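Each chain, written out:
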Amino acid sequence: MQLKSMIWKELWQRPTPMLTSLLAVTLGVTALVAIQNITVFSERKIAGDMESLGANVLVLPPNVSLQDYYSADMHGHTMPEEYVTRLALARMAGVENLAPKLCVAADVDSIPVTLTGILPRSEFQAKSAWQGLGMLTNAVGTDAGCCAPKASVPSSGDNNPDSLATNRTIEELGDRDVILGRDIATQLGASVGDKLPLLGEEFKVLTILPSTGTIDDGRVFAHLHSVQDLSEAGPVVNVIEIMACCEEAAGGLIGKLSAELPDTRVITIAQVVETQIAVNGLMSRLSWVFFSILLLVGGASIASVMYANVTERRKEIGTLMALGASRGFVTKMFLGKATLLGLAGGVGGFAAGTILAAILGPQLLGVHVQPMPSLLGVGMATATIVAVLASLLPARRAAGVDPCLVFNDA
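Reading the values: the criteria
Residues numbered from 1 in each chain as written. Predicted model: local features only at pLDDT ≥ 70, side-chain atom pairs only at ≥ 80, totals over all residues. Heavy atoms only, no water. Helix = DSSP H or I, 4+ residues; strand = E, 2+ residues; numbered from the N terminus. Buried < 20%, exposed > 50% of the residue type's maximum accessible area, 1.4 Å probe, protein only. Contact = heavy atoms within 4.5 Å. Patch = residues over 30% accessible without salt bridge, like charges linked within 9 Å, V, L, I, M, F, W, Y side chains within 5 Å. Areas by Shrake-Rupley, 256 points an atom, 1.4 Å probe, with all protein chains shown as cover. Salt bridge = Lys/Arg side-chain N within 4 Å of Asp/Glu carboxyl O. Core = buried A, V, L, I, M, F, W, Y, C linked by side-chain atoms within 4.5 Å. Polar contact = N/O pair within 3.5 Å; in protein donor to acceptor, adjacent residues only side chain to side chain. Pairing = 2+ DSSP bridges. Axes fitted to C-alpha atoms, helices over the stretch in contact; angles between N-to-C directions. pLDDT = per-residue confidence, 0-100.

Caption draft 1: Representation of the overall build of the chain. Within the chain one finds 15 helices and 13 strands. Split into buried and exposed, the 410 residues of the chain put 46% on the buried side. A fraction of 79% describes how many contacts in the chain between residues 6 or more apart in sequence connect residues 24 or more apart.

Caption draft 2: Expanded view of a nonpolar patch on the surface. A contiguous nonpolar surface patch, about 500 Å² in accessible area, is contributed by Leu-282, Leu-286, Val-289, Phe-290, Ile-293 and Val-297. On the basis of relative accessibility, which here comes to 41%, the residue Val-289 falls in the partly exposed class.

Caption draft 3: Highlighting the nonpolar core. Residues Leu-87, Val-178, Leu-180, Leu-198, Ile-240 and Ile-242 are the most contacted members of the largest nonpolar core, which totals 42 residues. It is strand S3 (residues 95–108) that provides the largest number of residues to this core, a total of 6 residues. Ignoring any residue separated from it by four or fewer positions in sequence, one finds Leu-180 in contact with Ala-185, Ala-190, Leu-196, Val-205, Thr-207, Ile-208, Leu-209, Arg-219 and Val-220. By size, the runner-up hydrophobic cluster in this structure holds 32 residues, among which are Ala-303, Ala-357, Ala-383 and Ala-395.

Caption draft 4: The environment of His-225, seen in detail. Following the sequence through the fold, His-225 ends up in helix H8 (residues 224–231). We classify His-225 as partly exposed; its relative accessible area is 24%. Side chain to side chain, His-225 and Glu-81 meet in a polar contact 3.0 Å long.

Caption draft 5: Quick peek at the sheet that holds S3. Strand order in the open sheet formed by 9 strands is S8-S9-S7-S10-S4-S3-S12-S1-S13, and the pairing between neighbours is mixed. Both outer strands of the open sheet, strand S8 (195–198) and strand S13 (265–268), are each paired with one neighbouring strand and no more. On average, adjacent strands in this sheet sit at an angle of 35° to one another, irrespective of strand direction. By the bridge criterion, 4 bridges tie strand S1 (residues 57–60) to S13 in an arrangement that is antiparallel. By the bridge assignment for S13, Leu-58 is matched with Ile-267.

Caption draft 6: Here's a closer look at the confidence of the model for the chain. With 68% of its residues at a pLDDT of 70 or more, the chain shows a mean pLDDT of 74. Counting interchain partners and residues more than four positions distant, the pLDDT-below-50 stretch residues 125–158 has 58 contacts. Low confidence marks residues 164–168, where pLDDT is under 50. Its contacts with residues over four positions away, or in another chain, come to 21 contacts.

Caption draft 7: Layout of the environment of Thr-116. Within the secondary structure layout, Thr-116 lies in strand S4 (residues 111–118). Thr-116 sits in the buried class, given a relative accessible area of 0%. C-alpha of Thr-116 to C-alpha of Val-220: the two residues are 104 residues apart in sequence and 6.0 Å apart in space.

Caption draft 8: Broad picture of the pattern of salt bridges. In this structure the tally under the stated criterion is 3 salt bridges. Across the salt bridge formed by Glu-241 and Lys-101, the nearest N and O atoms sit 3.7 Å from each other. A residue pair is termed long-range when its members are at least 10 positions apart, and Glu-241 in strand S12 (residues 239–244) and Lys-101 in strand S3 qualify at 140 residues. By relative accessible area, Glu-241 is classed as buried at 3%. Residue Lys-101 is classed as buried on the basis of its relative accessible area of 1%. Between Arg-176 and Glu-201 there is a salt bridge; the shortest N-O distance is 3.9 Å. Of this pair, Arg-176 sits in the loop between helix H6 (164–167) and strand S7 (177–180) while Glu-201 sits in strand S9 (residues 201–208), and the two are 25 residues apart along the sequence. Judged by its relative accessible area of 32%, Arg-176 falls in the partly exposed class. Given a relative accessible area of 33%, Glu-201 falls into the partly exposed group.

Caption draft 9: Quick look at unusual backbone geometry. Of note, Leu-199 is a non-glycine position whose phi angle comes to about 55°, a positive value. The topology assignment puts Leu-199 in the loop between S8 and S9. Non-glycine residue Glu-232 carries a positive phi angle of around 60°. Mapped onto the secondary structure, Glu-232 falls in the loop between H8 and strand S11 (236–237).

Caption draft 10: Representation of the pairing of S7 in the model. The alternating pattern of S7 places Asp-177 and Ile-179 and Val-178 and Leu-180 on opposite faces, both of which are buried. Note: S7 against strand S10 (residues 219–223), 3 bridges, orientation antiparallel. By the bridge assignment for S10, Val-178 is matched with Ala-222.

Structure (structure tokens):
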């Protein structure tokens, strides 16, 4: 008698109860994999958004939420550009960079685009009221922390516009120059030096940004004042992004900004990110709770099926032992079935959980997920251990069957 053939015969001849147990184990692994997958990639997306944004404080119109801002910046509400000057003149401790911008809808050869107006670095350097802040310039800090005094580093002089990818600023940007994100450049089929019709005027493509994986890839950037004039929006902006010293941003800076601009909404992104990370941590812990509950249900189901199997098949087990099968052989036969159930549940749950995360991630959180092989090992190992432990007592009971007593009962 071959152990493997006996195990496979057991599974094929009695599929219904085994499928019920397998489903319970698979659901447990599915819940774990799906939630953990979404949580991990959500945290990565938050980190990427923070890195690409560069700012950690936002000044928004009063009726605009952070969700409106991140959805596309096209919330339709504006505030006076004069607020930028007021913040600059206030010279608040901790304010390092200011970056106002205005987003409007436009089209290029009937292709809809989002035109984003920004101020180049030279614009700030030309305003005497803003000089001395080091706004929109690179800086090198000391080891005393992010609020330590910083020494301004002169511009490189190469007028490299690719710095927009991380800071939304450039050295020089003419009134009729545009910068294209990688995706929109591909969609338009545009190259550096090409002329593009925008808002009734022709703009020259100054450069094309490298891919950043953010909404900037689908944007067209132009000078803020050109966007204001051609769109007839007036001297307004959608948002003022502020790079603030971390200690000040977490301290009294928000209150000072709100007092200076009472008609705006000031949001500290760091606090929002901490809240989102806390939610992600809660989701991660809940996934283990769901995983544990469903695996316990699966283990109880496997134990119940195994006990019923032993009770119903006492005569067969007795006959098998009378033909020479040892107690160890019978025990291994039952534990072998449990091991296969656990492995199948782990693999099936990993596949189902990954697919579920791939479907729900973009729909619920805008997160694109990929398979995490580490979760496959965790799911298979845990499901197998639970299945084997749930089958130990039934296996020992089956191995303890006395063939003589079984035949006497018959």
